[in-house]
Amino acid sequence: MKIPFVSFLPMERELDSELRQAFDRVFSRSWYIEGVEDEAFEKAFAEYCGVHYCVGVGNGLDALMLALKALEIGEGDEVIVPSNTYIATALAVTYVGAKPVFVEPKIETFNIDPDRIEAAITGNTKAIMPVHLYGQACDMDPIMDIARVHHLKVVEDCAQAHGATYKGRKVGTFGDAAGFSFYPGKNLGALGDAGATVTNDEGLAQKIRALGNYGSDYKYHHIYKGNNSRLDEMQAAFLAAKLPVLDKMNEERRRIAQRYMSEISNPLVTLPTVEEAYVPVWHIFAIRCKNRDQLERFLTDAGIGTNKHYPIPMHLQKCYADLGFKEGDFPIAEEISRTELSIPMYYGMTEAEISHVIDTINAFRI
Ligand SMILES: *Cc1c(COP(=O)(O)O)cnc(C)c1O
């Protein structure tokens, strides 16, 4: 039995006619940027998240970067980010001219450890960017308390957590703004690159929209040195077709995760920890194993696709050599990068496929 790490086929088959209709609608209108599709999706996604404003942008990196830019974070400022995340989180900080300051996660949840944040705050710290990694919310109460006490902005990175909740409240509603990615593999994915920033602040939303549209508040009138980062009509139409089934697809991921959680029982494997009162959306199902590379080969030989999120922590990436870190500086992030293995998790996995993954992991010996 061959089980890919991820497959879009079951979802695409189910939405085939909706997606084709979306294409036809846009193509027959012959209007591709800034139009009714973008407007309609923004409204629907803001409603889904439970926020007042949504600004469609080109991708998830820009969604975060434009939020930081609109909050006037730049040269000389520091922004706290987790040491274990996809590099886009840190690059968003770098691109506005500020410095990313890494804070270690809790190894059980993989998410930023609120108890370690205050030690990283300096006179230059302007914001915290919690990342709801792998689809599980960060511990937002203490993070928001710290932000209030130290007068810091909060920009949530929700790229892996569309629809995840923390104590009954959706991620993306806690901070000053939040960035979402609609990269095809994300829980809500476009058929190309796309992203959005959400916020409850009207002025901030207007500024983000202007910044992503060449800094113009109306045509050929440029008030900022902006970027070109807009959600195009075609992607907005595809996203609007997929949004109504997001909850159903997340529910399906939770069902797969529940089977993994209750049936994987190999003492060599550590399962993720789900905090009480959190509802994750399982963008990634991350297990840990001291013999990770052996386990990966074992699964590959059994026809099971896997991935590592992420094999090299950001502080050891060549592009961040200028930050001057060395191995040992962030031992928890390093431990995760040495031991984490992501196993198949996607809408449409069959019971037999889930069972094959579970049985194979349980049969692994060193
Ligand atoms: C995917 C991702 C991003 C960036 O999104 P893109 O749409 O690829 O630019 C940012 N942060 C995290 C945590 C991500 O997983």
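Think of each chain on its own: its residues are numbered from 1, step by step along the sequence as written. Only residues with pLDDT of at least 70 are given local features in this predicted model, and only at 80 or more are side-chain atom pairs given and counted; all residues enter the totals for whole chains, interfaces and linings. Note that the side-chain values use all heavy atoms of the structure and ignore hydrogens as well as water.

1. Re the sheet that holds strand E6 (residues 165-166)
Strand pairing within a sheet occurs via backbone hydrogen bonds; the two strands may be parallel or antiparallel. Spatial ordering of the open sheet is given by E7-E6-E13, a layout of three strands whose pairing is antiparallel. Since the sheet does not close on itself, it has two edges, and those belong to strand E7 (169-170) and strand E13 (278-279), each with one partner. Two strands are counted as paired when DSSP detects at least two bridges linking them. Runs of H or I in DSSP of at least four residues are treated as helices and runs of E of at least two as strands, each being numbered from the N terminus.

2. Here we look at the pairing of strand E1 (residues 53-57)
When you tally the buried positions in E1, you get four out of five residues, the bulk of the element. Where E1 lies against strand E9 (residues 195-199), five bridges are found, and the strand directions are antiparallel. Within E9, the residue paired with valine 55 across the bridge is threonine 197. Only protein chains enter the accessibility calculation, which uses a 1.4 Å probe; a residue is then buried when its area is under 20% of its type maximum, exposed when over 50%, and partly exposed in between.

3. Some details on the site of the ligand
The near set for a molecule or strand comprises every residue that places at least one heavy atom within 4 Å of it. Around the ligand sit 13 residues, and of these Gly60, Asp157, Gln160, Ser181 and Lys186 come closest. At 2.7 Å from an oxygen atom of the ligand is found a main-chain nitrogen or oxygen belonging to glycine 60. Between N or O atoms, a polar contact is any pair within 3.5 Å; within protein, one atom must be a potential hydrogen donor and the other a potential acceptor, and residues adjacent in sequence are included only when both atoms are from side chains. For the ligand, an oxygen atom lies 2.8 Å from a polar atom in the side chain of glutamine 160. Residue burial considers only the protein chains on display, and all accessible areas are found by Shrake-Rupley using a 1.4 Å probe. Protein chains shield 91% of the accessible area of the ligand, which is 380 Å² for the free molecule. Of the two site types, the cavity is a set of points on a 1 Å grid over the protein atoms alone where a 1.4 Å probe fits but cannot get out, and the pocket is an open set with protein on both sides within 12 Å along at least five of seven lines, each lined by residues with an atom within 4 Å of a point. For a cavity or pocket, the test is whether more than half of a molecule's atoms lie within 2 Å of its grid points; if they do, the molecule sits there. According to the grid-proximity analysis, the pocket containing the ligand is the largest pocket. Listing elements by their share of the shell around the ligand, those giving two or more residues are helix H4 (60-70) and helix H5 (88-95). Residue composition of the shell around the ligand, grouped by class: five nonpolar, six polar and two charged. Classification convention: Asp, Glu, Lys, Arg as charged; Ala, Val, Leu, Ile, Met, Phe, Trp, Tyr, Cys, Pro as nonpolar; all other residues, Gly among them, as polar.

4. Some points on the side chain of asparagine 84
The residue asparagine 84 is located in the loop between strand E2 (78-82) and H5 in this model. Here a residue-residue contact requires only that any non-hydrogen atoms of the pair lie within 4.5 Å. Dropping the residues within four chain positions of it, asparagine 84 is found in contact with Pro105, Phe110, Leu133, Tyr134, His309, Ala333 and Ile336.

5. Considerations on the pairing of strand E5 (residues 153-157)
Within E5, four of the five residues are buried, which leaves it mostly tucked inside the rest of the structure. As defined by bridge partners, strand E4 (residues 125-128) adjoins E5 across two bridges and the pair is classed as parallel. Of the residues in E5, the one forming a bridge with alanine 127 is lysine 153. By the criterion used throughout, a crossover qualifies as right-handed when its path from the first strand across the helix to the second strand runs clockwise, the strands pointing away from the viewer. Running through helix H6 (residues 140-149), the crossover from E4 to the neighbouring parallel element E5 is right-handed. In this sheet, strand E8 (residues 177-181) lies alongside E5 in parallel orientation, the contact comprising three bridges. Residue pairing across strands places aspartate 157 opposite glycine 179, the latter belonging to E8.

6. Regarding the packing of helix H3 (residues 36-49) against helix H8 (residues 233-242)
A packed helix pair is summarised by two numbers, namely the angle formed by the two axes and the spacing between the axes. Between N-to-C directions, angles span 0 to 180 degrees; the directions come from axes that are lines fitted to C-alpha atoms, helices contributing only their stretch in contact. At a minimum axis distance of 8 Å, the contact between H3 and H8 shows a crossing angle of 40 degrees. As judged from the angle between their axes, H3 and H8 are oblique. Considering only the axes of H3 and H8, their crossing is left-handed. For the pair H3 and H8, contact is made by Val36, Glu37, Asp38 and Phe41 and by Glu233, Ala236, Ala237, Leu239 and Ala240, respectively. Of the residues belonging to the contact of H3 with H8, the class tally is six nonpolar, no polar and three charged. Roughly parallel here means an angle under 35 degrees, roughly antiparallel means over 145, roughly perpendicular means 65 to 115, and every remaining angle is called oblique. Note on convention: the crossing is left-handed when the near helix lies turned anticlockwise from the far helix by less than a right angle, right-handed when the turn is clockwise.

7. Overview of a nonpolar patch on the surface
Each patch groups residues whose relative accessible area exceeds 30% and which form no salt bridge, using 9 Å between like charges and 5 Å between nonpolar side chains of Val, Leu, Ile, Met, Phe, Trp and Tyr. Whenever Lys or Arg places a side-chain nitrogen within 4 Å of a carboxyl oxygen from Asp or Glu, that contact is recorded as a salt bridge. On the surface, Phe23, Phe27, Tyr32 and Ile33 cluster together into a nonpolar patch covering about 370 Å² of accessible area. Assignment of secondary structure puts tyrosine 32 in the loop between helix H2 (16-29) and H3.

8. Notes on the sheet that holds E2
The seven strands lie next to each other as E1-E9-E8-E5-E4-E2-E3, forming an open sheet whose pairing is mixed. Across the chains shown, the open sheet's two edge strands, defined by having one partner strand only, are E1 and strand E3 (99-103). When strand polarity is set aside, the average angle formed by the axes of neighbouring strands in this sheet is 25 degrees.

9. Examining the environment of arginine 169
Along the polypeptide, arginine 169 turns up in strand E7. Taking the C-alpha atoms as reference, arginine 169 lies 10.0 Å from alanine 137; in sequence the two are 32 residues apart. Dropping the residues within four chain positions of it, arginine 169 is found in contact with Ala164 and Phe174.

10. Points about helix H12 (residues 351-363)
Compared with an ideal rise of 1.5 Å per residue, which puts 13 residues at 18 Å, H12 spans 18 Å between its outermost C-alpha atoms and is within 8% of the ideal. Burial in H12 covers these residues: Glu353, Ile354, Val357, Ile358, Thr360, Ile361 and Asn362. Buried positions along H12 lie against helix H9 (246-263), strand E12 (269-270), strand E14 (285-289), helix H10 (292-301) and strand E15 (340-343). Here a helix's expected span is defined as the number of its residues, less one, multiplied by 1.5 Å.

11. Description of the packing of H9 against H12
Contact geometry for H9 and H12: axes closest at 10 Å, N-to-C directions at 30 degrees. Taken together, the axes of H9 and H12 are roughly parallel relative to one another. The chirality of how H9 crosses H12 is right-handed. In this structure, H9 contributes Arg255, Ile256, Arg259, Tyr260 and Glu263 to the contact, and H12 contributes Glu351, Ile354, Ser355, Val357, Ile358 and Asn362.

12. Notes on the packing of aromatic side chains
In this analysis, rings of Phe, Tyr and Trp, with Trp reduced to its six-membered ring, are considered paired at centre separations within 6.5 Å, and the interplanar angle assigns stacked below 30 degrees, edge-to-face beyond 60, and tilted for intermediate values. Counted according to the given criterion, the structure contains 17 aromatic pairs. Of the aromatic side chains, those joined through ring pairs into one cluster are Phe41, Phe45, Tyr48, Phe180 and Phe182. Sitting over the ring of phenylalanine 174, arginine 169 keeps its end group 4.1 Å from the ring centre. A cation sits over an aromatic face here: lysine 170 above tyrosine 48, 3.8 Å from the ring centre. To sit over a ring, a charge needs its Lys NZ or Arg CZ within 6 Å of the ring centre and within 35 degrees of the ring normal.

13. Observations concerning unusual backbone geometry
In this model, histidine 309 is joined to tyrosine 310 through a cis peptide bond whose omega is 10 degrees. With respect to the helices and strands, tyrosine 310 occurs in the loop between H10 and helix H11 (331-339). In this structure, serine 30 is a non-glycine residue whose phi angle is positive, near 60 degrees. Along the chain, the position of serine 30 falls in the loop between H2 and H3. Phi at alanine 277 takes a positive value of approximately 70 degrees, unusual for a residue other than glycine. Tracing the chain through its elements places alanine 277 in the loop between E12 and E13.

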